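# Topology and contacts: notes
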Amino acid sequence: MATDYDSPRKTDEELGEDSLQELQARRVDKGTSTIDVDPDEVAEGLELPGADLSGEELAVRVLPRQADEFTCSRCFLVHHRSQLAEERGGQLVCKECAS
């Protein structure tokens, strides 16, 4: 943001008043933004570790690795070829693991 050095400057007292007004405005904004959340509704969406998920079906369609993708030999994630950092003895390594 450009600074206009020719504009009149505020005194410390004016700066204090502005700050007080800003704080009061923030307090009013904060009070109106509170949301009532039912903890029971939040807990319904959480799955506990070790929960039995054998009856669940996968809702995402999984695609096989494409021709322009590779699997990193360190993190075992599938990346696009543009993320390939190095190849050591047939082992492909992504940029994140190479750094």
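Residue indices begin from 1 for each chain and proceed along its sequence in written order. Given that this is a predicted model, residues contribute local features only at a pLDDT of at least 70 and side-chain atom pairs are listed and counted only at 80 or more, while totals for whole chains, interfaces and linings are drawn from all residues. Side-chain metrics rest on all non-hydrogen atoms present in the structure, leaving aside hydrogens and water.

The name an unreviewed UniProt entry assigns to the chain is DUF4193 domain-containing protein, from the organism Thermobifida halotolerans.

## Some words on the overall build of the chain
Along the chain, the regular secondary structure elements total three helices and four strands. Going along the chain from the N terminus, every DSSP run of H or I of four or more residues is numbered as a helix, and every run of E of two or more is numbered as a strand. Each helix (α) and strand (β) of the chain, taken in turn from the N terminus, gives the series α-α-β-β-β-β-α. A 1.4 Å probe rolled over the protein chains alone gives each residue an accessible area, and that area as a share of the maximum for its type sets the label: buried under 20%, exposed over 50%, partly exposed in between. A burial count over the chain gives 6% of its 99 residues as buried. Here, two residues are considered to be in contact whenever any of their heavy atoms come within 4.5 Å of each other. Across the chain, contacts joining residues at least 24 apart in sequence account for 5% of those joining residues at least 6 apart. Just so you have it, the chain exposes about 9400 Å², and 52% of that area is on carbon and sulfur atoms. All accessibility values rest on the Shrake-Rupley procedure with a 1.4 Å probe; residue burial counts only the protein chains present in the view.

## Section: the pairing of strand β4 (residues 91-94)
Between any two strands, pairing holds if DSSP finds at least two bridges. Relative to β4, strand β3 (residues 84-88) runs antiparallel, the two being bridged by four bridges. If you follow Leu-84 over to β4, its bridge partner there is Cys-94. Hairpin connection, β3 to β4: the antiparallel pair is bridged by two residues, and Gly-89 has positive phi, about 55 degrees.

## Some points on a negative patch on the surface
Distance thresholds for patches are 9 Å for like charges and 5 Å for nonpolar side chains (Val, Leu, Ile, Met, Phe, Trp, Tyr), applied to residues having over 30% relative accessible area and no salt bridge. What makes a salt bridge here is a side-chain nitrogen of Lys or Arg within 4 Å of a carboxyl oxygen of Asp or Glu, nothing more. Neither His nor the chain ends is counted toward charge; the positive residues are Lys and Arg and the negative residues Asp and Glu. The atom standing in for a charge is NZ when the residue is Lys, CZ when it is Arg, CG when it is Asp and CD when it is Glu. A contiguous patch of negative charge, built from Asp-38, Asp-40, Glu-41 and Glu-44, is present on the exposed surface. Tracing the chain through its elements places Asp-38 in the loop between α1 (12-32) and α2 (39-44). Given the relative accessible area of 34%, Asp-38 is considered partly exposed.

## What about the environment of Arg-74?
Within the fold, Arg-74 resides in the loop between β1 (69-71) and β2 (78-80). The contact partners of Arg-74, leaving out residues within four places of it in the chain, are Glu-86, Arg-88, Val-93, Cys-97 and Ala-98. Here a polar contact means two N or O atoms within 3.5 Å. Within protein one must be a hydrogen donor candidate and the other an acceptor candidate, and residues neighboring in sequence count only if both atoms are side-chain atoms. A polar atom in the side chain of Arg-74 sits 3.0 Å from the backbone oxygen of Cys-97.

## Quick notes on unusual backbone geometry
Across the chain, the bulk of peptide bonds are trans and the bulk of non-glycine residues have phi less than zero. With a phi close to 60 degrees, Phe-76 is a non-glycine residue in the positive phi region. Summarising the element assignment, Phe-76 is placed in the loop between β1 and β2.

## A closer look at a nonpolar patch on the surface
A surface patch of nonpolar side chains, amounting to about 290 Å² of accessible area, comprises Val-37, Val-42 and Leu-46. The topology assignment puts Val-42 in helix α2.

## Details of the pattern of salt bridges
Per the counting criterion, the structure on display carries one salt bridge. Note that Arg-88 and Glu-86 form a salt bridge whose closest N and O atoms lie 2.5 Å from each other.

## A closer look at the state of the cysteines
The term disulfide is used for any two cysteine sulfur atoms that are within 2.5 Å. Inspection of the entire model under this criterion finds zero disulfides. Cys-94 takes part in no disulfide bond, and the closest cysteine sulfur, belonging to Cys-97, lies 3.6 Å away.

## Considerations on the side chain of His-79
For His-79, the location among the structural elements is in strand β2. Other than its neighbours up to four places away in sequence, His-79 contacts Asp-68, Glu-69, Phe-70, Cys-72 and Cys-94.

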